[in-house]
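Architecture and fold: a report
So the chains spell out like this:
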Amino acid sequence: MDAVRSFLRHPSGMVGLVVLLIVVIVAIVAPVAFPVSPWEMVSAPFTPPGEDGLLLGGDTLGRDVAAGVAYGARVSLVIGIASAMAAMVIGVTIGAISGYFGGKVDLVLMRMTELFQTIPAFVLAILLVATFNPSLLTIILTIGAVSWPPLARLTRAEFLRLRNREFVEAALCQGEGTLRIVLGHILPNAISPILVVTSLTVATAILLESALSFMGLGDPNLMSWGFMIGAGRTVIRNAWWMSVFPGLAILITVLAINLFGEGLSDVLNPRVSRRRS
Amino acid sequence: MIRLGNAATIGLMALSRIAQLIAVILLIATFNFVLVRAAPGDPAQVMAGQSGASDPKLLEDLRKEYGLDKPYVVQLASYLGRVVKLDLGYSYRQRRPVADLVLERLPATLLLTVTAFCLALLIGTTLGALAGLAAGTVLDTVFTVLSLVLYATPVFWLGLMLVLVFSVTLGWLPPFGYETINVKLSPIERALDVAKHLIMPVTSLAAIYLAIYARLMRSSIIEVAQQDFIKTARAKGLTGPSIVFGHMLRNALVPVVTVAGMQAGALVGGAVVIETVFAWPGLGRLTFDALLQRDYPVLLGIFLILSIVVIVLNLLTDLIYKLIDPRMTTGAA
Amino acid sequence: MRGTVQAMAPVLSVENLSIALPDGGDRPFAVENVSFEVKPNEVVCLVGESGSGKSMIAHALLSLLPKGVAVASGTVMVAGKNPVELDRQALRRLRGGDAAMIFQEPLSSLNPLKRVGKQIEEMILTHQEPTPSASEVYDRVQQLLTQVGLPNPKLLEKSYPFELSGGQRQRVMIAMAMANRPALLIADEPTTALDVTTQRQILGLIDDLRRDRGMGVLLITHDFGVVADVADRVVVLRHGKVVEQGTVEEVLRHPKADYTRELIDAVPKARLDQINRKDVHSEPLLEVIGLQKTFRVKRGFLQPPREVVAADGISLTLHEGETLAVVGESGSGKSTLGRMILRLTEPDDGAIRFNGQDLRRLRGEALRQARKQLQIVFQDPFASLDPRQKIGDAIARGPMAFGTSRAEAMEQAKKLLMRVGLSAVAADRYPHEFSGGQRQRICIARALALKPRVLIADEAVSALDVSVQAQVLALLAELRKEMKLAMVFITHDLRIAAEIADRVIVLQKGRIVEEGATADVFIAPQATYTRDLLDAIPGRNFFDQPGFANETGKIPTARMSS
């Protein structure tokens with residue numbers, strides 16, 4: 001509980017948390033605040049912000065940009081969190097096996113991780129989504145599948161560091177089993193940097209999702225920020241608001257998550273946070 | 001201890017890296033092969049794309065050409081054989097070999113990514129070093145906030161905002177394209193014209209990586225400043241600048257260069273989106289068009305070629321890394 | 001030679017120095033009202049345990065205090081100059097010019113990416129005016145490297161720090177410090193990270209250079225042996241205050257302060273009269289036969305792996321209730337030996353017989369059962385306890401893993417905690433609430449919870465201050481008797497080996513060079529290497545080792561004050 005208290009005293013971390021909570025609230029109340037679907041035409045095309053009761057203006061087909069931004073928050077948060085979780089599951093499993101067992105297993109797994117880290121993740125994501133057709137599930141799995149390498153490397157490094165720590169060897173000498181040692185001694189001591197990097201992965205996942213939808217690879221049934229910017233791109237001379245507002249929404253959300261994640265990092269593991277960027 | 005000369009060691013390392021490169025290319029090609037088979041639908045239909053799928057004759061030709069009735073192993077072997085000969089298949093939409101399409105677009109992409117990469121690394125590390133040395137001051141705070149904001153900005157949106165400001169509002173720079181068309185220009189004028197078109201795509205792409213490198217360099221400088229050998233340098237009576245240039249910078253650069261290599265893949269990914277925004281005639285733009293037409297052979301070819309580009313960039317940063325840190329060449333880490 | 005008047009003027013005088021710590025620390029001052037002097041051609045030792053503020057004083061002399069820490073009052077005069085009052089340029093001339101400094105960790109004190117020759121050159125170029133020519137500088141560097149006794153200076157100059165040994169690195173640091181003929185050398189624990197034989201050489205070098213140049217040396221150390229060997233005068237510090245100062249004879253032979261006496265008593269001493277000769281005919285409890293282990297460290301591309309032989313046919317026996325000390329310098333394979341006995345490191349070849357079975361053939365449950373009777377206490381008390389586990393759990397989990405009920409195991413854990421000199425409430429606390437010495441007691445309790453027959457102590461007291469070290473050693477001696485423990489005591493410190501062991505094995509590069517009863521090994525060493533090690537024991541002549549155990553050699557009883 002010390003951690004919670006010191007987080008509350010972390011200024012930038014708290015700013016991140018508050019902004020993030022606002023985004024979450026917007027996402028939750030979207031259907032109440034905007035009962036009309038964001039796909040519905042509610043005004044004349046190209047309504048500028050503030051006119052016709054549209055706070056953030058209307059798009060080429062007279063759809064409410066504000067409604068789109070609110071509904072987009074749902075998509076971004078769900079995809080961001082779900083794919084970061086997927087990445088964590090893949091990354092921690094691979095990293096833990098690699099770090100604990102070492103040897104040839106480690107060599108093969110780390111070569112694979114390096115390969116995944118070097119190939120252009122975004123291009124691979126495009127290829128995967130294009131192959132399996134864009135839907136919420138394929139997008140989440142794809143982003144998870146290209147985002148796990150940093151988590152695997154981190155987990156491996158932590159496991160390697162802890163595996164030869166004296167307290168782990170003492171536990172071994174005292175007759176504790178492998179599973180108990182991993183779950184009882186290594187993982188609890190490795191978990192905080194993993195949580196920090198996972199929270200930062202949510203941010204990169206949101207950026208990745210927005211880029212995919214911008215390229216026309218979003219779930220066609222869901223209104224997302226990247227899709228809105230993509231749609232506004234060609235008419236930026238006539239309707240700047242169509243691309244400015246969804247972009248700001250992404251910027252603010254990602255910034256908030258990063259601030260939160262860094263605050264978490266400072267509070268949970270001051271040593272690692274100084275090493276990392 | 002047996003010590004080969006620096007140059008010889010680096011040469012040998014480069015050779016082993018080239019061998020690795022070939023292995024990786026074959027792996028990615030295999031991955032492509034598996035992906036086509038895993039895709040929903042008949043591989044022939046996948047390869048033909050949306051428009052070609054309705055043409056029974058084309059599908060029949062494809063099946064024959066790719067030997068789709070043969071066992072997978074045979075198919076894979078013949079596919080890899082073609083990849084080695086740089087035969088990346090045929091785009092039925094554009095009616096041209098994929099290799100031609102991709103290689104034709106590669107220079108524009110390289111121009112964009114390499115320029116952005118160098119600028120980001122150069123400016124990012126400089127700003128980061130300044131911020132790190134001035135840690136805790138107003139300057140440092142301004143840099144930190146700026147880099148945090150840039151780091152959270154979607155690259156394509158940043159590009160659009162630049163267009164909005166510098167082309168739509170101010171009219172200073174061309175909003176898109178590689179060069180002004182339908183004008184006759186001398187080679188120098190042409191280079192300047194391309195450079196002018198390059199400014200915004202490069203800026204938007206570099207800005208984000210600049211932020212990453214700056215943040216890294218900042219923390220790296222702060223960490224190095226706490227090392228014992230900096231205390232030694234101070235105890236030797238060295239001046240501030242000789243401590244910074246003689247002892248801190250090189251040590252601080254080591255982790256930044258490592259990460260720069262790992263970020264090369266992301267940078268190339270960013271270029272794909274940025275090219276879409278600025279209609280830059282490179283592989284990104286080609287990707288966007290191929291996506292619209294579901295031109296699958298082209299997508300596979302782009303993935304393969306861009307992976308190679310990233311691996312080469314990685315190789316370069318690796319060599320820089322080994323030049324900076326003597327512990328790497330003699331191998332006693 | 002300088003005139004007598006000048007020679008008598010101190011090169012360093014510290015008067016009523018107080019150094020303030022940042023707010024919110026455990027005390028307001030790191031150092032309070034400290035006064036002492038260093039005259040030319042004199043070695044003054046600043047001695048104290050961790051937290052005594054001795055290093056802070058050293059850093060204050062060259063204005064190298066960390067951020068937030070500052071001289072609060074008093075004056076420091078280094079070669080007639082007050083570093084606090086100097087402008088930047090004059091301060092730089094003082095640092096490395098009039099006074100030079102060397103540190104504890106020579107590896108981290110040298111820039112890892114710069115050739116050592118360049119680092120020495122830099123020292124010359126910064127200070128000498130007019131700037132000497134390139135060839136002059138080169139000659140000077142070569143001369144310095146030769147003076148500090150480095151072999152092949154031409155080749156060495158081009159080396160990077162990672163290519164040198166610890167002793168060579170410290171020599172490079174000294175060469176650098178000597179570059180501008182400083183009047184004062186400040187040496188902050190310069191030999192703490194080095195092996196005894198290297199320590200002896202480095203101390204000898206510093207002393208020679210002092211004599212040649214007539215410079216003053218301020219040596220910071222925690223080791224009274226080092227003090228006895230090199231100091232002319234000594235200043236004893238405790239919690240930032242001077243407890244006592246005077247000549248070595250005065251302070252070491254006739255200490256006035258109780259604290260000084262305690263520290264001197266705590267220096268481990270051989271108690272060769274008390275050796276209990278075992279009945280060697282009984283069956284050995286543990287028998288190691290022909291153990292082999294070679295580590296292969298991969299190096300760069302196309303280079304053969306570096307091979308380090310950690311065990312080259314090691315054989316030994318251990319009887320019930322016996323304490324065997326394994327002594328050696330770094331790289332001798334002593335720790336690897338302990339780890340191999342527990343199968344934490346797999347030997348390449350050989351056998352480990354315990355209780356009639358070969359441990360090397362055991363797998364799974366059988367190994368678990370065998371390990372129960374062999375426990376270990378590690379060197380680093382901070383890495384030895386899981387930071388997220390309560391002390392009680394740490395001790396109880398062993399018995400629980402072997403089927404003891406939680407309640408019973410906890411009850412037993414509390415008893416053990418009391419036995420090692422802690423209170424039972426410690427069971428509900430986390431490791432970070434304890435000091436190094438207390439943690440080591442906890443680790444001993446944890447190891448004993450399984451009622452082992454063999455305890456391996458791997459440098460178990462090396463990380464502790466001398467006074468705490470003496471208490472933990474005393475505790476181990478008591479427990480050994482009580483529980484009829486056989487002990488393998490791995491240490492680099494021959495004094496400790498002499499104090500605690502019945503028998504001694506001397507290891508060098510994975511080979512046993514000498515083996516025998518402690519008294520025999522210490523009084524009549526057979527191997528040259530053993531003799532070198534014995535000669536290198538700091539303070540040996542002064543404390544009259546090894547036979548000096550007399551009434552002062554009594555073991556202090558275990559106390560809770562650690």
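Scroll up to find the structure this text is about.
To keep things clear, this report deals only with the structure shown in the data block.

Basis of the calculations
Residues numbered from 1 in each chain as written. Chains lettered and ligands numbered in written order. Predicted model: local features only at pLDDT ≥ 70, side-chain atom pairs only at ≥ 80, totals over all residues. Heavy atoms only, no water. Helix = DSSP H or I, 4+ residues; strand = E, 2+ residues; numbered from the N terminus. Buried < 20%, exposed > 50% of the residue type's maximum accessible area, 1.4 Å probe, protein only. Lys, Arg positive; Asp, Glu negative; His and termini not counted. Charge placed at Lys NZ, Arg CZ, Asp CG, Glu CD. Axes fitted to C-alpha atoms, helices over the stretch in contact; angles between N-to-C directions. Left-handed = near helix turned anticlockwise from the far one by under 90°. Contact = heavy atoms within 4.5 Å. Nonpolar A, V, L, I, M, F, W, Y, C, P; charged D, E, K, R; others polar. Buried area = accessible area lost by both parts, 1.4 Å probe. Salt bridge = Lys/Arg side-chain N within 4 Å of Asp/Glu carboxyl O. Polar contact = N/O pair within 3.5 Å; in protein donor to acceptor, adjacent residues only side chain to side chain. Core = buried A, V, L, I, M, F, W, Y, C linked by side-chain atoms within 4.5 Å. Phe/Tyr/Trp six-rings, centres within 6.5 Å; stacked < 30°, edge-to-face > 60°. Pairing = 2+ DSSP bridges.

1. Some details on the overall build of chain C
When helices and strands are tallied, chain C shows 21 helices and 19 strands. Overall, the C-alpha framework of chain C stretches about 75 × 55 × 45 Å when taken along its three principal axes. Expressed as a percentage of the 562 residues in chain C, the buried residues total 58%. Between the centroid of the 72 positive side chains of chain C and the centroid of its 69 negative side chains there is a distance of 4 Å.

2. Digging into the packing of helix 5 (residues 98–133) of chain B against helix 10 (residues 240–278) of chain B
All names here are of chain B. Interhelical geometry of helix 5 versus helix 10 gives an angle of 145° and a closest axis separation of 8 Å. In terms of crossing hand, the pair formed by helix 5 and helix 10 is right-handed. In contact with Thr109, Leu112, Thr113, Phe117, Leu121, Thr125, Ala129 and Leu133 of helix 5, helix 10 contributes Val244, Met248, Leu249, Leu253, Val256, Ala260, Leu267, Val268, Ala271, Ile274 and Glu275. Split by residue class, the contact of helix 5 with helix 10 holds 15 nonpolar, three polar and one charged.

3. A short note on the interface of chain B and chain A
On the side of chain A, 43 residues touch chain B, which itself brings 48 residues to the contact. Together chain B and chain A conceal approximately 4,100 Å² of surface at their shared face, both sides included; 77% is due to carbon and sulfur atoms. Joining chain B to chain A, the criterion identifies one salt bridge. For Arg215 of chain B, the salt bridge is made with Glu262 of chain A, and the minimal N-O distance between the two is 2.3 Å. Inspection of the region where chain B meets chain A yields five residue pairs in polar contact (both at pLDDT 80 or more). Contributions of two or more residues to the side of chain B that touches chain A are made by helix 1 (6–38), helix 6 (138–151), helix 7 (155–169), helix 8 (187–225), helix 10, helix 11 (283–292) and helix 12 (296–324) of chain B.

4. Some details on the environment of Gly516 of chain C
As for its position among the elements, Gly516 of chain C is in strand 19 (residues 511–517). Distance from Gly516 of chain C to Leu324 of chain C, taken between C-alpha atoms, is 9.6 Å for residues 192 residues apart in sequence.

5. Some remarks on the nonpolar core
With 159 residues, the main nonpolar core has Phe122 and Met215 of chain A together with Leu205 of chain B as its most contacted residues. Setting aside anything within four residues of it in sequence, one finds Met215 of chain A in contact with Phe122 and Ile126 of chain A together with Val272, Val273, Thr276, Gly284, Thr287, Phe288 and Leu291 of chain B. Core analysis: the second largest hydrophobic core is formed by 91 residues, Val47, Leu209, Val226 and Val230 of chain C among them.

6. Here's the deal with the packing of aromatic side chains
This model, assessed by the stated rule, comprises twelve aromatic pairs over all chains. Taken together, a centroid distance of 4.3 Å and an interplanar angle of 20° make the contact between Phe214 of chain A and Phe156 of chain B stacked. Here Phe214 of chain A, found in helix 9 (residues 178–214), pairs with Phe156 of chain B, found in helix 7, and the two come from separate chains. Residue class for Phe156 of chain B comes out buried when judged on its relative accessible area of 1%. Each member of the aromatic cluster is reached from another via a ring pair, and the members are Trp240, Trp241 and Phe245 of chain A.

7. Some words on the sheet that holds strand 13 (residues 349–354) of chain C
Residue and element names in this part refer to chain C. The strand order across the open sheet formed by four strands is 11-10-13-14, and the pairing between neighbours is antiparallel. Strands at the two margins of the open sheet, each flanked by one partner only, are strand 11 (306–318) and strand 14 (357–358). Pairing between strand 10 (residues 286–297) and strand 13: five bridges, direction antiparallel. Within strand 13, the position partnered with Gln292 by the bridge is Asp349. Contacts from helix 13 (residues 334–341) reach strand 10, strand 11 and strand 13 within the one sheet, and its direction differs from that of strand 10 by about 120°.

8. Digging into the pattern of salt bridges
All names here are of chain C. Counted under the stated rule, the structure contains 40 salt bridges over all chains. Salt-bridge contacts for Arg495 lead to Asp223; the nearest nitrogen and oxygen are separated by 3.2 Å. Here Asp223 lies in the loop between strand 7 (216–221) and helix 10 (224–230) and Arg495 lies in helix 19 (residues 494–500), a separation of 272 residues in the sequence. Asp223 matches Arg495 in its accessibility class, with the two residues each being buried. Here Arg495 makes a salt bridge to Asp493, at a shortest N to O gap of 3.2 Å. For the pair shown, Arg495 and Asp493 are each scored as buried. Salt bridges linked by common partners bring Asp207, Asp208, Arg210 and Arg211 together as one network.

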